[in-house]
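# Structural characterization, general
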Protein chains: 2
Amino acid sequence: MNVYAPARQAAWNKVGKRSLQFPSRPAIVSTFTVCGPMEGKGPLGRNFDTVMPDAFYGEKRWEKTESKMLRESISHCISRAGLCESDIDAIITGDLLSQCIGSSFAARDISIPHLGVYSACASFAEGLIIASMSYEGGFFERAVVGVSSHHETAERQFRFPTELGVQRPPSAQWTATIAASVLVGDGKAQTGTDGEPPIYIRGATVGEVIEMGSKDPFDMGTAMAPAAVDTISRHFHDFGMNPKEYDAVITGDLGYVGNQIAADLLESKGYAVRSRLFDCGLILYDRTSQDVHAGGSGAACSAGVFCAHIAHKMRSGEWQRVLLAPTGSLHSPTSYKQGEAIPAICHAVLFEAV
Amino acid sequence: MNVYAPARQAAWNKVGKRSLQFPSRPAIVSTFTVCGPMEGKGPLGRNFDTVMPDAFYGEKRWEKTESKMLRESISHCISRAGLCESDIDAIITGDLLSQCIGSSFAARDISIPHLGVYSACASFAEGLIIASMSYEGGFFERAVVGVSSHHETAERQFRFPTELGVQRPPSAQWTATIAASVLVGDGKAQTGTDGEPPIYIRGATVGEVIEMGSKDPFDMGTAMAPAAVDTISRHFHDFGMNPKEYDAVITGDLGYVGNQIAADLLESKGYAVRSRLFDCGLILYDRTSQDVHAGGSGAACSAGVFCAHIAHKMRSGEWQRVLLAPTGSLHSPTSYKQGEAIPAICHAVLFEAV
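Residues numbered from 1 in each chain as written. Chains lettered and ligands numbered in written order. Predicted model: local features only at pLDDT ≥ 70, side-chain atom pairs only at ≥ 80, totals over all residues. Heavy atoms only, no water.

### Considerations on the overall build of chain A
Stated formally: Each helix corresponds to a stretch of at least 4 residues labelled H or I by DSSP, and each strand to a stretch of at least 2 residues labelled E; elements are numbered beginning at the N terminus. Here the globule rule reads 2.2 Å times residues to the power 0.38, and the radius of gyration is calculated from C-alpha atoms. Residue burial is assigned from relative accessible area. The probe radius is 1.4 Å, only protein chains are included, and a residue is buried under 20% of its type maximum, exposed over 50%, and partly exposed in between.
Counting its regular elements, chain A contains 10 helices and 17 strands. Taking 20 Å as the expected radius of gyration for a compact globule of 354 residues, we find that chain A reaches 19 Å, a close match to that expectation. The C-alpha extent of chain A, read off along each of the three principal axes, is 60 × 50 × 40 Å. Looking at chain A residue by residue over its 354 residues, the buried ones come to 68%.

Have a look at this one:
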């Protein structure tokens, strides 16, 4: 072992109280998405790489489908970059199923060191943060961050089996059936592109767990909005940035209800961000023609929208700087039945295409 | 933002195929444990910091107890180091409950950025690895890694509610009721010690998910042993070390059955490690007087034994170099009922007290 012990005074890549910077510019080298038929019919449909013909995708159980989707998205993400499994230092995965079986069963067929993360629907951001820290620290040269969610597995896990046909209130969101993976590595070594600018991960703001007393699992937007506002406002503060300097600030899956609350709260804190505040749950589906109530949600909602929408806009030069702030609702069926409120978290990742 | 873009060739802190080194020597600054009455009566009983008088600890539900234990262990771990919440850059937590509610509900009362990890009973090692990488990369100067498990919550989550009185086979293990937290930071800045040598985290080997067809959730030792052998042998290989150079190689919670399998398999691979191969699940309880069948298990089994046993032996100078290899069984009740085998993972962390 090559060992030295330099004098350390502080965390030099930490910015402000809760933010991190990545001066070595880890980049999104490649992406791959697998989505369900409904997402395929949505506004981003033709930007998804694989659209499944049905919710089973050749499996007999939805949980197996979800694992298969994630496994495929990881494998194709690697091969799209012109690489193979042995070139990848780690896979970092997350999903919503109990004991994260979507991830674990996807990873068992992949011979790459594995780290499992759980921040519910903010897991994509947590994975990107860990991948970027490990890149910056000289640990993982290339890591794949992959997350998955599946409407049918999530509904029977968190609420009711969909076969029951339980009516959902207007504030309920629709868990997206998507698996999305991104390869984080050296942008300059990027292969397979045709002159498009790479997307760099330049910074991040790590979320705290925030619970404001909201208890309704059919209204997660209200439960998660305070966490989103906390992290986004902390991000602006830590980096000394003005909302106008971002082309878009995109929350994970607050949906219609949470998006309004977040915009109001951010405005009350002095951040005039409403005109550029978007939400992945509102981008993924067309709410006028698709019956998703308040919008999309799910661990892969933000990841899918990143791959199929944000990355496209950044590669085309339309957007240069984007803050993606996936939000996670950290309850479980057990905590809900025990009368507990819903804690939430939001991690924000700063992307730049310059 | 202070931004530069140095030329990067490779992951310089990566060792061999799957291992990492931490030349800046992140250290275990402080530890704190809360355990159940049964663990308090075991061989390590007087080394635990808080022994609860009963399994409820003033709460009405075991899940709330588990969160309370974890919250207390995190808070006391920080104050024992002479620090307060604002001194800590991140908490990294994991537990076994669905949607990791043990962790999330503990974290909602703590104003520190939060990262959730899931490697089942190997979560402690995953947390230490992420904390060490982030320390080395200049992101988190001090991070608390905390994990929890509770016998009653785990049994009703994974197998049967204990009130049913279902008989368990001899290969079954006993989920430990423990919450354990460690503060990872600068060893030289350590406070509150009386001249004892700090414990440094010098390296780690990240596990791959391995599934060998074992399907019995009452015999997790057999399911996890191949993952332990894979990671431990890879560790020796990557670092070019001989088992004799370690004072102890300690698996997480293979129990009696898995420990024998691991020793046999390692020997068949040419690693004569049997005489120094221990298991946290066998250290935690006295199997002759305590009815734990094949030994202890649980996300906090390895963390509790680290704090109450390994750290003591290292601080007293008895052990200088220890490899701790917590193992995790990545199944869920859903995957088990769907007839799936049990994937497993093992992450190894190298501690040195020199």
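### Thoughts on the pattern of salt bridges
Residues and elements named next belong to chain A. Defined as follows: Take a side-chain nitrogen of Lys or Arg and a carboxyl oxygen of Asp or Glu: if they are within 4 Å of each other, that pair is a salt bridge.
As enumerated under the stated definition, the model contains 34 salt bridges over all chains in all. Put simply, arginine 156 and glutamate 63 hold a salt bridge, and the shortest N to O gap is 2.6 Å. Note that arginine 156 is positioned in helix H5 (residues 151-158) and glutamate 63 in helix H2 (residues 62-80), a separation of 93 residues in sequence. What makes arginine 156 partly exposed here is its relative accessible area of 33%. Linking glutamate 155 and arginine 159 is a salt bridge whose minimum nitrogen-to-oxygen distance equals 3.1 Å. Taking relative accessible area as the criterion, arginine 159 reaches 17% and is therefore assigned buried.

### Topic: the interface of chain A and chain B
Let me state the cut-off plainly: For this analysis, residues touch if any pair of their heavy atoms sits within 4.5 Å. Reported buried area values correspond to the accessible surface (1.4 Å probe) lost by two parts on association, with both partners' losses combined. Each polar contact in these results corresponds to two N or O atoms within 3.5 Å; when the atoms are within protein, one needs to be able to donate a hydrogen and the other to accept it, and residues that are neighboring in sequence are counted only if both atoms are side-chain atoms. Here the term charged refers only to Asp, Glu, Lys and Arg, the term nonpolar to Ala, Val, Leu, Ile, Met, Phe, Trp, Tyr, Cys and Pro, and the term polar to all other amino acids, Gly among them.
With 80 residues of chain A at the contact, the number on the chain B side is 80 residues. Here chain A and chain B share an interface that buries about 7000 Å² over both sides, 58% of which is from carbon and sulfur atoms. At the surface where chain A touches chain B, the tally comes to 8 salt bridges. Where lysine 64 of chain B meets glutamate 340 of chain A, a salt bridge forms, and the shortest distance between an N and an O atom there is 3.4 Å. Inspection of the region where chain A meets chain B yields 27 residue pairs in polar contact (both at pLDDT 80 or more). Where the side of chain A that touches chain B is concerned, the elements lending two or more residues are strand E2 (19-21), H2, helix H3 (101-107), strand E6 (114-116), helix H4 (123-136), H5, helix H10 (333-337) and strand E17 (348-352) of chain A. Top element by residues in the side of chain A that touches chain B is H4 of chain A. It accounts for 6 residues. Its residues assigned to classes, the side of chain A that touches chain B shows 37 nonpolar, 23 polar and 20 charged.

### Notes on the packing of helix H6 (residues 220-239) of chain A against helix H7 (residues 255-268) of chain A
Between two packed helices, both the angle of their axes relative to each other and the distance between the axes serve to describe the pair. All names here are of chain A. As a reminder of what qualifies: The angle between two axes is taken between their N-to-C directions and runs from 0 to 180 degrees, where each axis is a line fitted to C-alpha atoms and a helix contributes only its stretch in contact. We call a crossing left-handed when the near helix sits turned anticlockwise from the far one by less than a right angle, and right-handed when that turn is clockwise.
One way to put it is that H6 packs onto H7 with a least axis distance of 8 Å and a crossing angle of 35°. Where H6 crosses over H7, the two elements pack in a sense that is right-handed. Where H6 approaches H7, its residues Gly221, Thr222, Ala225, Val229, Ile232 and Ser233 are matched on the opposing element by Val257, Gly258, Ile261, Ala262, Leu265 and Leu266. Broken down by class, the residue content of the contact of H6 with H7 amounts to 8 nonpolar, 4 polar and no charged.

### What to know about H6 of chain A
Residue and element names in this part refer to chain A. Applied cut-off: By this rule, a helix spans an expected 1.5 Å times one less than how many residues it contains.
Taking 1.5 Å of rise per residue, 20 residues should cover 28 Å, and H6 covers 28 Å from first to last C-alpha, within 8% of that figure. Within H6, 16 of the 20 residues are buried, which leaves it mostly tucked inside the rest of the structure. One or two residues past the end of H6 sits glycine 240, with phi positive at roughly 65°.

### Some thoughts on the pairing of strand E14 (residues 321-325) of chain B
Residue and element names in this part refer to chain B. Applied cut-off: By definition, two strands form a pair when at least two bridges between them are found by DSSP.
With 4 of 5 residues buried, E14 lies mostly within the body of the structure. Bridge count between strand E11 (residues 248-251) and E14: 4 bridges; the pairing is parallel. When the sheet's bridge partners are listed, isoleucine 250 is paired in E14 with leucine 324. Here E14 runs beside strand E17 (residues 348-352); their pairing, made up of 4 bridges, is antiparallel.

### Overview of the relation of the copies chain A and chain B
Rules: Overlaid copies result from least-squares superposition on C-alpha atoms, with residues included only where pLDDT is at least 70 in both.
Rotating chain A by 180° about the axis while translating it 0.0 Å along that axis superimposes it on chain B, leaving an RMSD of 0.0 Å. Expressed as an axis order, the relation between the two copies is that of a two-fold axis. Most of the interface of chain A is mirrored in chain B, where 100% of its interface residues again form contacts.

### A short note on the packing of aromatic side chains
Definition in use: Pairing of aromatic rings covers Phe, Tyr and Trp, the last counted by its six-membered ring, and requires centre-to-centre distances within 6.5 Å; plane angles under 30 degrees mean stacked, over 60 mean edge-to-face, and any other angle means tilted. Definition used: whenever NZ (Lys) or CZ (Arg) falls within 6 Å of the ring centre and also within 35 degrees of the ring normal, the charge is taken to sit over that ring.
One pass over the full model with this rule turns up 16 aromatic pairs over all chains. Ring centres 5.9 Å apart and planes at 50° place the aromatic pair phenylalanine 124 of chain B and phenylalanine 306 of chain B in the tilted group. Taken together, the residues phenylalanine 124 of chain B in helix H4 (residues 123-136) and phenylalanine 306 of chain B in helix H9 (residues 299-315) connect sequence positions 182 residues apart. Each member of the pair phenylalanine 124 of chain B and phenylalanine 306 of chain B is classed as buried. What links up through ring pairs into an aromatic cluster is the set Phe124, Phe306 and Phe351 of chain A. Over the face of the ring belonging to tryptophan 319 of chain A we find lysine 313 of chain A, whose NZ or CZ atom lies 5.4 Å from the ring centre.

### A word on unusual backbone geometry
All names here are of chain B. For arginine 25, which is not a glycine, the phi torsion comes out positive at approximately 55°. By the element assignment, arginine 25 lies in the loop between strand E2 (19-21) and strand E3 (26-35). Located in the positive-phi region is alanine 120, a residue other than glycine, with phi close to 50°.

### Remarks on the nonpolar core
Rule in force here: What we call a nonpolar core is a set of buried Ala, Val, Leu, Ile, Met, Phe, Trp, Tyr and Cys residues that are connected through their side-chain atoms within 4.5 Å.
Of all hydrophobic cores here, the largest spans 110 residues; its most connected members are Leu128, Phe306 and Phe351 of chain A together with Leu128, Phe306 and Phe351 of chain B. With residues up to four places along the chain from it excluded, the contact list for phenylalanine 306 of chain A reads Ile28, Phe124, Val182, Ala311, Leu324 and Phe351 of chain A. In this structure, Phe158 of chain A together with Cys77, Leu330 and Ile345 of chain B belong to the second largest nonpolar core, which totals 65 residues.

### Some words on the pairing of strand E7 (residues 143-149) of chain A
All names here are of chain A. Among the 7 residues in E7, 7 count as buried, and that is most of the element. Residues Ala143, Val145, Val147 and Ser149 point to one face of E7 and Val144, Gly146 and Ser148 to the other, with burial holding for every one of them. Sheet topology places strand E5 (residues 90-95) next to E7; 6 bridges connect them, and they run parallel. Across the sheet, residue threonine 93 finds its bridge partner in E7, namely glycine 146. Examined bridge by bridge, E7 and strand E9 (residues 178-186) share 7 bridges and lie antiparallel to one another. Within E9, the position partnered with serine 148 by the bridge is alanine 179.

### Thoughts on the environment of lysine 269 of chain B
Residue and element names in this part refer to chain B. Structurally, lysine 269 is set in the loop between helix H7 (255-268) and strand E12 (277-279). Residue lysine 269 is classed as partly exposed on the basis of its relative accessible area of 48%. Sequence separation between lysine 269 and valine 229 is 40 residues, and the spatial gap between their C-alpha atoms is 9.0 Å. Leaving out residues up to four positions away in the same chain, lysine 269 has contacts with Val229 and Ser233.

### So, empty space enclosed by the protein
To be explicit about the condition: Grid points spaced at 1 Å and placed over the protein atoms alone form the basis of the search, with a cavity being a set where a 1.4 Å probe fits but cannot get out and a pocket an open set showing protein on both sides within 12 Å along at least five of seven lines. Lining residues have an atom within 4 Å of a point. Grid points are joined across faces, edges and corners, and a volume is the space filled by probe spheres set on the points.
Within this structure, the stated rule accounts for 5 cavities of 30 Å³ or more. Estimated volume of the largest cavity: approximately 100 Å³. Leu96, Cys121, Phe158, Arg159 and Met220 of chain B are, among the 13 residues lining the largest cavity, the residues nearest its centre. In this structure, the second largest cavity spans a volume of roughly 80 Å³. As for the second largest cavity, its lining consists of Leu96, Ala120, Cys121, Ala154, Phe158, Arg159, Thr175, Met220, Ser297, Gly298, Ser329 and His331 of chain A. Of the residues assigned to the lining of the second largest cavity, the class counts are 6 nonpolar, 5 polar and 1 charged.

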